[in-house]
Amino acid sequence: MDEPGGSYSFAHGARKVAPFSIAVFGFGMSFGVLARPTMGSVAPIVMSVTTFAGSAQFAAASILSSGGTLAAAVVAAILLNARYGPIGVSVAPSLTGPWWSRFLRAQLVVDETWALSADGRGGHDPKVIVGAGVVLYAAWVGGTAAGVSFGDLFGDPARLGLDAAFPALFLALLVPNLDRSQARVAALLGAGIALALTPIAPAGVPIVVAGLACLMGWKRS
Amino acid sequence: MEALVSPAWWAVAIVGVATIAIKGAGPVLLGGKPLPPRIGRIIGLLAPALLAALVAISTFGTDRALVLDERALGVGAAAVAVALKAPPLLVVIVAAVVTAGARTLF
């Protein structure tokens, strides 16, 4: 069961993502609670099933609930998901098989599964993407359904410090990537760009521009 | 007319289709083929750049502003936990407990 390519890697991915899925379940609940008054009880769940990208869904729901236009909500959400374009390019060499299978597995690539599946040599383990992705997807959709159904019982998730769970998780995912000096510079640059643009640019733009810090890889380190 | 499909459902449909297309594009168009070395080097730096940006924004960002609040304490404590090689679940718990504790105290 431990041979490469066996079912071991699915279970491995599922186990690696378990601590993240607890936070994602809570985040899904808070999305359900936030979205229900303006979006009703079915649309938020359908959005979690189809979009499966937390920050974009939050942005869309909060813009609609604060009286923003449909166009503003859609543009913000798409900008927040624009990073999945280059992220998709980075996992593409590791995803083999027919196009529909690559397409379906690509839907399970989110920040957490992307970082957890990295093999440290620039590749991504497709079985970890699927194992971790299925668990995280279930947590996200289940959390949304729970939030829509009986989120009122739990009150504000910020009270539980859940909003600090995400930067902490991203930090835990970031640190293994800092093994080279060029990577450390790219990280500092990315964080600096993101902070500098947050006060002046619409949601989503800072993260996309921060991703451009990777262009420093044009030159050999 | 607009009563037929509410803005919420339009948002669900448009954002859903766009996200599925964005996520699928790379693997469908380029799947299974190695990237040229230079593109590989650039894409290899995408993880540190994007993850660091996500840490920064989710620690200090709010709606179009930077703030220093209880989250920074929680993430600082999480950084200590990461430096001590704590498992991810403990890192999350430390961040949440310190942040919630600070909110209760101050």
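Bear in mind that the values here come from a model prediction, so they are computed numbers and not experimental data.

In this structure, what is going on with the overall build of chain A? I would like to understand it.
Counting secondary structure elements, chain A contains 11 helices and 0 strands. For chain A, the C-alpha radius of gyration of 18 Å lies close to 17 Å, the compact-globule estimate for 221 residues. With the C-alpha coordinates aligned to their principal axes, the bounding extent of chain A is approximately 50 × 45 × 35 Å. Scored against the burial criterion, the 221 residues of chain A give a buried share of 54%. Expressed as a percentage of contacts within chain A between residues at least 6 apart in sequence, the contacts between residues at least 24 apart total 69%.

When you look at the overall build of chain B in this model, what are you seeing that I'm missing?
Scanning chain B from N- to C-terminus turns up 5 helices and 2 strands. Written out in order from the N terminus, the α and β elements of chain B read α-α-α-β-β-α-α. Against the 2.2 N^0.38 benchmark of 13 Å for 106 residues, chain B shows a C-alpha radius of gyration of 20 Å, more extended than a compact globule. Seen through its principal axes, chain B has C-alpha atoms that stretch 50 × 50 × 25 Å. Here the analysis covers contacts within chain B between residues at least 6 apart in sequence; of these, 30% occur between residues at least 24 apart.

Can you walk me through the interface of chain A and chain B in this structure?
Note on interface size: it is often stated as the accessible area lost on association of the parts. At the junction of the two partners, chain A supplies 87 residues and chain B supplies 67 residues. Looking at the side of chain A that touches chain B, the element that brings in the most residues is helix 10 (residues 181-197) of chain A, giving 11 residues. When its residues are assigned to classes, the side of chain A that touches chain B shows 64 nonpolar, 18 polar and 5 charged.

Would you mind showing me how to read the nonpolar core here?
In summary, soluble globular proteins display a tendency toward joint burial of nonpolar side chains. Ala60 and Ala168 of chain A together with Ala49, Ala53 and Ala95 of chain B are the most contacted members of the largest nonpolar core, which has 100 residues in total. Taken together, domain 1 (8-177) and domain 2 (179-221) of chain A each give at least three residues to this core, which thus spans both. Contacts of Ala168 of chain A, omitting those with residues within four sequence positions, involve Gly74, Val75, Ala78, Val91, Val92 and Ala95 of chain B.

Could you clarify how one ought to interpret the domain arrangement of chain A in this entry?
Residue and element names in this part refer to chain A. What the domain assignment reports for chain A is domain 1 (8-177) and domain 2 (179-221). Each of domain 1 and domain 2 was reduced to a C-alpha centroid, and the two centroids are 21 Å apart. Counting from both sides, the interface comprises 9 residues of domain 1 and, opposite them, 9 residues of domain 2. Element by element, the count of residues in the side of domain 1 that touches domain 2 is highest for helix 4 (residues 70-81), at 3 residues. Of the residues in the side of domain 1 that touches domain 2, the class split is 7 nonpolar, 1 polar and 1 charged.

Honestly, the packing of helix 6 (residues 99-106) of chain A against helix 1 (residues 7-30) of chain B in this entry has me stumped. Any pointers?
Geometry of a packed helix pair, given as the angle between the helix axes and the separation of the axes. Contact pair helix 6 of chain A / helix 1 of chain B: the axes reach a minimum separation of 8 Å and the direction vectors enclose 145°. Along this stretch, helix 6 of chain A crosses helix 1 of chain B, giving a crossing that reads as right-handed. Counted together, Trp99, Arg102, Phe103 and Ala106 of chain A of helix 6 of chain A and Lys23, Gly24, Pro27 and Val28 of chain B of helix 1 of chain B form the full contact between these two elements. In terms of residue class, the contact of helix 6 of chain A with helix 1 of chain B is built from 5 nonpolar, 1 polar and 2 charged.

Please clarify how the environment of Ser41 of chain A should be interpreted in this entry.
Residues and elements named next belong to chain A. Mapped onto the elements, Ser41 comes out in the loop between helix 1 (8-39) and helix 2 (43-50). With 13 C-beta atoms counted inside 10 Å, the residue Ser41 sits in the partly exposed group. Measuring from C-alpha to C-alpha, the distance between Ser41 and Gly88 comes to 31 Å, with 47 residues separating the pair along the chain. Other than its neighbours up to four places away in sequence, Ser41 contacts Arg36 and Val148.

What is the right way to read unusual backbone geometry from this model?
Leaving glycine out, the prevailing phi sign among residues is negative, and the prevailing peptide bond configuration is trans. The phi angle at Phe52 of chain A is positive, at roughly 45°, despite the residue not being glycine. Topologically, Phe52 of chain A is positioned in the loop between helix 2 and helix 3 (54-65). Notably, Lys85 of chain B is not glycine yet its phi reads approximately 60°, a positive angle.

Before we go on, may I ask you to explain helix 2 (residues 37-44) of chain B in this structure?
Turn by turn, an α-helix covers 3.6 residues, leaving residues three or four places apart pointing in a common direction. The complete set of buried residues in helix 2 of chain B reads Ile42, Ile43 and Gly44 of chain B. Against the buried residues of helix 2 of chain B lie helix 5 (84-91) of chain A together with helix 3 (46-60) of chain B.

Would you mind showing me how to read the environment of Ile22 of chain B here?
Tracing the backbone shows Ile22 of chain B in helix 1. Beyond its immediate stretch of four places on either side in the chain, Ile22 of chain B contacts Asn81, Ala82, Tyr84 and Gly85 of chain A.

Any chance you could explain the environment of Met47 of chain A here in plain terms?
With respect to the helices, strands and loops of the structure, Met47 of chain A is situated in helix 2. In this structure the C-alpha to C-alpha distance between Met47 of chain A and Gln57 of chain A, which are 10 residues apart in sequence, comes to 7.4 Å. Not counting residues up to four positions away in its chain, the partners in contact with Met47 of chain A are Gln57 of chain A together with Val12 and Gly16 of chain B.

It is not clear to me how helix 4 of chain A should be interpreted in this structure. Could you clarify?
The first and last C-alpha atoms of helix 4 of chain A sit 17 Å apart over 12 residues, in line with the 16 Å expected at 1.5 Å per residue. In this structure, the buried residues of helix 4 of chain A make contact with helix 3, helix 5 and helix 11 (205-211) of chain A together with helix 1 of chain B.

Even after reading the chapter, I still don't get the packing of helix 9 (residues 165-174) of chain A against helix 5 (residues 88-105) of chain B, so can you show me in this structure?
Orientation of helix 9 of chain A relative to helix 5 of chain B, taken along the N-to-C sense of each, is 145°, at an axis distance of 8 Å. Along this stretch, helix 9 of chain A crosses helix 5 of chain B, giving a crossing that reads as right-handed. In contact with Ala165, Ala168, Leu169 and Ala172 of chain A of helix 9 of chain A, helix 5 of chain B contributes Pro88, Val91, Val92, Ala95 and Ala96 of chain B.

Calculation criteria
Per chain, residues are indexed from 1 in the order of the written sequence. To read the labels, note that chains go from A and ligands from 1, taken in the order they are written. Thresholds applied to this predicted model are a pLDDT of at least 70 for local features of residues and 80 or more for the giving and counting of side-chain atom pairs; totals over whole chains, interfaces and linings are not thresholded and use all residues. Where helices and strands are cited, they refer to DSSP runs of H or I of at least four residues and of E of at least two residues respectively, numbered from the N terminus. With the radius of gyration taken over C-alpha atoms, the globule rule is written as 2.2 Å times the number of residues to the power 0.38. Counts of 20 or more other C-beta atoms within 10 Å of a residue's own C-beta define buried residues, counts of 12 or fewer define exposed ones, and intermediate counts define partly exposed ones; C-beta atoms are placed from the backbone. Residues are treated as contacting if the C-beta atoms built from their backbones sit within 7 Å of each other. When residue character is reported, Ala, Val, Leu, Ile, Met, Phe, Trp, Tyr, Cys and Pro are called nonpolar, Asp, Glu, Lys and Arg charged, and the others, Gly included, polar. The nonpolar core criterion groups buried Ala, Val, Leu, Ile, Met, Phe, Trp, Tyr and Cys residues into a set whenever they are joined through C-beta atoms within 7 Å. Throughout, the edges of the domains are those of an automatic or database domain assignment. All axes are obtained by fitting lines to C-alpha atoms, using only the stretch in contact for helices, and the reported angles, taken between N-to-C directions, cover 0 to 180 degrees. In this scheme the crossing of two helices becomes right-handed for a clockwise turn of the near helix relative to the far one and left-handed for an anticlockwise turn of less than a right angle. Any helix carries an expected span of 1.5 Å times its number of residues minus one.

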